[in-house]
Amino acid sequence: MTPLLEVERLEKFFDVSAGTLHAVDGVSFKINQGETLGVVGESGCGKSTLGRVVLHLLESTGGTIKFKGEDITHVNRTKLSELRRKMQIIFQDPFASLNPRMTIFQTLAEPLVIADICKGAELEEKVYKMMDTVGLARRLVNTYPHELDGGRRQRIGIGRALILEPEFIVCDEPVSALDVSIQAQVINLLLDIQRDMKLTYIFVTHDLSVAKFISTNIMVMYLGQVVEFASAKELFDHPVHPYSKALLSAIPNLDIDQESRRIPIQGEVTSPINPKRRCRFATRCRYAKETCMDSEPVLKEYSPGHFVSCLYAEELDQDKKRV
Amino acid sequence: MAYLNLDRLRRWTFKVKGNDMSDTEKILSIKDLTVHYLPPEEPACKAVNGVSFDIRKGETLGLVGETGAGKTTIALSILRLVQSPPGKILSGSIEFNGENLLEASEAHMRKIRGSEISMIFQDPMTALNPIDSVGDQIAEVVHLHSKCSRAEARIKVEEMLELVGIDKSRYKDYPHQFSGGMKQRVIIAMALACSPELLIADEPTTALDVTIQAQVLDMMNDLKKKLGSSVLLITHDLGIVAEMCDKVVVMYAGQVVEMGDKRSIFKHTSHPYTKGLFGSLPGAFPDSDRLKPIKGLMPDPAALPAGCKFADRCEFCTEQCRAREIGLTEVSEGHYVRCVLAEGGNHH
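All of these numbers come straight from a predicted model, not from anything done at the bench.

Reading guide: rules and limits
Residues numbered from 1 in each chain as written. Chains lettered and ligands numbered in written order. Predicted model: local features only at pLDDT ≥ 70, side-chain atom pairs only at ≥ 80, totals over all residues. Helix = DSSP H or I, 4+ residues; strand = E, 2+ residues; numbered from the N terminus. Rg over C-alpha atoms; globule rule 2.2 N^0.38 Å. Buried ≥ 20, exposed ≤ 12 C-beta atoms within 10 Å, placed from the backbone. Contact = placed C-beta atoms within 7 Å. Pairing = 2+ DSSP bridges. Axes fitted to C-alpha atoms, helices over the stretch in contact; angles between N-to-C directions. pLDDT = per-residue confidence, 0-100. Expected span 1.5 Å × (residues − 1). Parallel < 35°, antiparallel > 145°, perpendicular 65-115°, else oblique. Left-handed = near helix turned anticlockwise from the far one by under 90°. Nonpolar A, V, L, I, M, F, W, Y, C, P; charged D, E, K, R; others polar.

K.L.:
With reference to specific residues and values, describe the overall build of chain A.
P.N.:
Along its length, chain A carries 11 helices and 12 strands. The C-alpha atoms of chain A give a radius of gyration of 21 Å, which matches the 20 Å a tight globule of 323 residues would have. For chain A, the C-alpha atoms occupy an extent of roughly 70 × 50 × 45 Å along the three principal directions. Burial statistics for chain A: of 323 residues in total, 43% are counted as buried. Partitioning the intrachain contacts of chain A with sequence separation of at least 6 by distance along the chain shows that 65% fall at a separation of at least 24.

Below, the structure written as structure tokens:
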């Protein structure tokens, strides 16, 4: 089966005054139809940029993107507008991503008008149906975003992404700005529409419990690179990369009887500008050796379907088993 | 200066008089606090409605609830920083070491703020003055509250910076030269510089990454132990509550709906709202493939329903719930629940 999306050695470099900022640096992955790829990592690791580059909201500076087997790395405007119907995005901030001067109806109808899909009664019908799908009461059709709470606003954002019946959606932190009870409502909605419309998601989040809950596979990013890739279950049961381990252990534990076993992680993310050719995590890694400082690890298949980018993956894992 | 010493004396005499342990142990005692915002020509926003709870010495109390539950208004009331107008503390008392802060003079409050009670704000990006070096900002607090020379203040500030894991060579650096996590450390250093008896932390790690959050929480725990401060931790994250707190107060629509020690809240969750909060968490029930969110939204604080405020969203709601105001019931020692179901003793 051809994967729905196949990305190889994708790069997005920005020229900044201090040099070259490596936002996304050689990222490769595949997503099959109907799956969710969770992308996790700290602020500045390039996870949002990755989502945008895949959608051509930012142009890549290297690598290839294939959508249903077709190379879409470089496309002209006509092709791009065709692609946009199939690939959509849900943004993080439901307060900033909606036009404050457009009503729900206008916001939801705009993609249909731009893509010239329908008008008149048919358009109205589609908008109302979408409001039902995302759980917005029809009476709200003429309200403006400022009249609504965050949860409802995010439902508009989701409706806008869905109205063209896309196959693939990048969800860029879609629930981070919401309260926990509303967050749960929106996550359930995303799961329901994924099942009903056979959608494929890239789910960018910094919340690891949300990623575990919603993802098929999870990709852990650090400074523009993938450090570990595995199924959600495998990653949580058996993380190998020292960064993934520390990241997972930092999640506050709900079980009050379980002693917190936090793996401390020193310092903060180093600069992504002109990174040296070495393991980017080495300066914070407690297992770092001299070799980590002067050679760059590559992402290798550690066990079937489980990829790790660490020079000492086997050794660290063995050590753990022995203990 | 003279009256200040009097103040201290008064509190000291109180401590001697109130020899009863249970009283002296209480650092903070909030009773029946009601705070409304009264914008002109608009309905009153009933932010806090009859809230009571205590914090004991050395204890960390977690104040939990969603946006608009009234958590921050309580914190601001303790420091008497509720903006007025439109905010108004309508009734209740806030006793800090036996003294009602709501009756204290503004000059006295100014002495308390930052030295005996201090606060860490949610957003480290906006809580620091951008045009003053971080060292000078901390020194200002030290200088204001202890009669020390500039040189002594500087030594104290350098100590505090080291304590929160910032090299003292960064004394003269400005906030924009620090990352979010480092800025929050500066704010914590500032809040703890005068060894406050009570530290109020309003969502101290919400703006931070999870690894940095872990560093900051660990550090807060260490410092709390070192300085013996009590902490009022405001958060919406039950995971943080599980790791940090001794006691939990769950707020909904300006009321306490459930409170008790951590074990009773986590292991014997009683109020349907608290249960809903746990059900909304992806990590709470690992085997379920769907979350169990609470339906609907929190009521508008300007138009609170009569009776139980949670009734509209509650799956166990009966006619009784809307008929009258529901009080807190003690379901087991120190564990209080505001629910009709708990009143009959058949809580589940």
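More follows now that the structure is in view.
K.L.:
Before we move on, can you summarise the sheet that holds strand β7 (residues 198-202) of chain B with the specific residues and values?
P.N.:
Residues and elements named next belong to chain B. One open sheet accounts for 8 strands, arranged β6-β7-β8-β3-β9-β10-β12-β11; its pairing is mixed. If you trace the sheet from one side to the other, it starts and ends with β6 (117-120) and β11 (329-332), each paired once. Strand-to-strand twist across the sheet, computed as the mean angle between neighbouring axes with direction ignored, equals 20°.

K.L.:
Could you give an account of the confidence of the model for chain B, with specific residues and numbers?
P.N.:
Residue and element names in this part refer to chain B. Scored by pLDDT, chain B has a mean of 86; 92% of the residues are at 70 or more. Ignoring residues within four places in sequence, the model shows residues 1-23, a span with pLDDT below 50, making 10 contacts including any to other chains. As a predicted assembly, this complex carries a pTM of 0.84 together with an ipTM value of 0.80.

K.L.:
Help me get a handle on helix α8 (residues 210-227) of chain B, residues and values and all.
P.N.:
Residues and elements named next belong to chain B. Taking 1.5 Å of rise per residue, the 18 residues of α8 would be expected to cover 26 Å, and the 25 Å separating its terminal C-alpha atoms lies within 8% of that figure. Within α8 the residues assigned to the buried category are Val210, Thr211, Ile212, Gln213, Ala214, Gln215, Val216, Leu217, Met220, Leu223 and Lys224. In the segment just after α8, Gly228 is the residue with positive phi, at about 65°.

K.L.:
Describe in detail helix α11 (residues 272-279) of chain B, supporting the description with residues and values.
P.N.:
The buried count for α11 of chain B comes to 6 of 8 residues, which makes it a mostly enclosed element. Along α11 of chain B, the residues that are buried comprise Pro272, Tyr273, Thr274, Gly276, Leu277 and Gly279 of chain B. Buried-residue contacts for α11 of chain B involve α6 (180-197) of chain A together with α9 (238-244), β9 (247-252), β10 (255-261) and α10 (262-267) of chain B.

K.L.:
Talk me through the packing of helix α5 (residues 150-162) of chain A against α6 of chain A; I want residue IDs and the actual numbers.
P.N.:
Residue and element names in this part refer to chain A. Remark: α5 packs on α6, axes separated minimally by 10 Å, with the N-to-C direction vectors making an angle of 15°. Taken together, the axis directions place α5 and α6 in an arrangement best described as roughly parallel. The two elements α5 and α6 meet at a crossing, and its hand is right-handed. Contacts between α5 and α6 pair Gly150, Gly151, Gln154, Ile158 and Leu162 from the former with Ile182, Gln185, Val186, Leu189 and Ile193 from the latter. Here the contact of α5 with α6 is composed, by residue class, of 6 nonpolar, 4 polar and no charged.

K.L.:
Pulling in residues and values, what's your account of the interface of chain B and chain A?
P.N.:
With 32 residues of chain B at the interface, the matching set in chain A holds 30 residues. Taken together, the elements giving at least two residues each to the side of chain B that touches chain A come down to α8, α9, α10 and α11 of chain B. For the side of chain B that touches chain A, a count of residues per class yields 15 nonpolar, 10 polar and 7 charged.

K.L.:
Go over the environment of Thr283 of chain A, please, and point to the residues and values.
P.N.:
All names here are of chain A. By secondary structure assignment, the location of Thr283 is in the loop between α9 (242-249) and α10 (290-294). Among the residues examined, Thr283 registers 16 C-beta atoms within 10 Å and is labelled partly exposed. Sequence separation between Thr283 and Gln266 is 17 residues; the distance between their C-alpha atoms is 8.6 Å. Residues contacting Thr283, with those up to four places away along its chain left out, are Gly267 and Thr270.

K.L.:
Go over the sheet that holds strand β5 (residues 99-100) of chain B, please, and point to the residues and values.
P.N.:
All names here are of chain B. Across the sheet, which stays open at both edges, the 4 strands sit in the order β2-β1-β4-β5 with antiparallel pairing between neighbours. Edge positions in the sheet fall to β2 (45-56) and β5, since each of these pairs with one other strand and no more. Sheet topology places strand β1 (residues 26-37) next to β2; 9 bridges connect them, and they run antiparallel. Directly across from Val35, in β2, lies its bridge partner Val48.

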